[in-house]
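Given next are the chains, with one letter for each unit.
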Amino acid sequence: IDGWRHVYSGKVRDLYVPAASTSLADATAVLVVASDRVSAFDFVLEPGIPQKGELLTTLSRWWFGQLDGFANHVLEGSSVAQSTPAGGAAPAVPARFAARSMVVKPLDMFPIECVVRGYLAGSGWAEYQKTQSVCGVALPAGLRDGDRLPSPIYTPAFKAELGDHDENITFERTVELVGGDVAAELRRLSLEVYARASGIAEARGIILADTKFEFGADRDTGEITLADEVLTSDSSRFWDAAAYGSGERTASFDKQIVRNWLAANWDKTGTPPALPAAIVEQT
Ligand code: C5P
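Rules and cut-offs
Residues numbered from 1 in each chain as written. Predicted model: local features only at pLDDT ≥ 70, side-chain atom pairs only at ≥ 80, totals over all residues. Near = placed C-beta within 6 Å. Helix = DSSP H or I, 4+ residues; strand = E, 2+ residues; numbered from the N terminus. Nonpolar A, V, L, I, M, F, W, Y, C, P; charged D, E, K, R; others polar. Buried ≥ 20, exposed ≤ 12 C-beta atoms within 10 Å, placed from the backbone. Core = buried A, V, L, I, M, F, W, Y, C linked by C-beta atoms within 7 Å. Contact = placed C-beta atoms within 7 Å. Expected span 1.5 Å × (residues − 1). Arc of directions from axis to C-beta.

As a matter of local geometry, the ligand sits amid 14 residues, with Gly122, Ser123, Asp210, Lys212 and Ser235 nearest to it. Within the residue set of the shell around the ligand, elements represented by two or more residues are β8 (112-119), α3 (122-131), β14 (206-218) and β16 (236-240). Of the residues contributing to the shell around the ligand, the split by class is two nonpolar, six polar and six charged.

Spelled out as structure tokens, the structure:
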């Protein structure tokens, strides 16, 4: 990308720094470009889903706008940013990337996926069936897949590399990883953002069943700052509240369609099969 240097690609997003910087460590701004790649069970699948990167960026931008009061990594205004608070100008973003990218502040990221669950699903449901708890948080007996929890719980995971599985961990393990003060703050912020966001979703007929946040420390002030994507259809389970209320638990406005198809059509050995056109369209 003109004016920007590619430094890293994750499963879905590609990171760039201003061409004058050499790495994320000395950059004053980062350009996060959301691709159309789809990942599930920590693999990148074929084919991509057209416009998915634009949708994820639109969702993140909208939610960051709703979450005032919580420090976040966004550097741009409503249009694409041209300068950073540090005073250094960030290169312009070429128009064809604008809708799928954001200019953000580089942070020192914590290696923790801060998951909050208001409902039992996915790895939360799997772990509950074995231990009646999730990440060491004890839950009542007799819950079923999709049930609402008595109150939202913080269930952190350790970030895995491509092809590995993220590992659910206890709060105590996060204390070992980042220290007690930061661990407690990550939990507090995650539960607060979830409470705010689930209220906003609920008012629109959508249940925020669970979601994942990532935080980093501001390099100048140390402030714990919301980073990454927020409350997107990749990082969250969004359910249709009306359908849920009438006992139908399959209406999901997120990546669950892909996960379900893959779980039914792949034994998790070797590379995953290509997604059929019907699943790509539905998603
Ligand atoms: O799969 P699991 O039940 O652990 O996921 C909980 C929530 O965290 C889901 O909303 C899922 O989309 C999100 N998540 C994520 N990235 C991961 C793991 C989970 O966004 N690597």
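So, about unusual backbone geometry. With an omega of -10 degrees, the peptide bond running from glutamate 46 to proline 47 counts as cis. Within the fold, proline 47 resides in the loop between β5 (43-45) and α1 (52-66). The phi angle at aspartate 42 is positive, at roughly 65 degrees, despite the residue not being glycine. Checked against the element boundaries, aspartate 42 lands in the loop between β4 (38-40) and β5. On the basis of neighbour count, aspartate 42 is assigned to the partly exposed category, with 13 C-beta atoms found within 10 Å. Non-glycine residue lysine 268 carries a positive phi angle of around 70 degrees. Take lysine 268: it is sitting in the loop between α7 (256-265) and α8 (277-282).

Now for the nonpolar core. In this structure, Leu31, Val103 and Phe215 are the most contacted members of the largest nonpolar core, which totals 55 residues. No other element matches helix α5 (residues 180-202), which puts six residues into this core. Ignoring anything within four residues of it in the chain, the contact list for phenylalanine 215 reads Phe110, Cys114, Leu186, Leu189, Ile224, Thr225, Leu226 and Ala227. Membership of the second largest hydrophobic core comes to five residues, among which are Val38, Ala40, Leu45 and Leu275.

Here α1 contains 15 residues, and its C-alpha end-to-end distance of 21 Å stays within 8% of the 21 Å for a straight helix at 1.5 Å per residue. Where α1 is concerned, the buried positions are Lys52, Gly53, Leu56, Thr57, Leu59, Ser60, Trp63 and Phe64. Along α1, the residues classed as buried sweep out an arc of 160 degrees about the axis, all on the same side. On its buried side, α1 packs onto β3 (30-34), β4, β6 (101-104) and α5.

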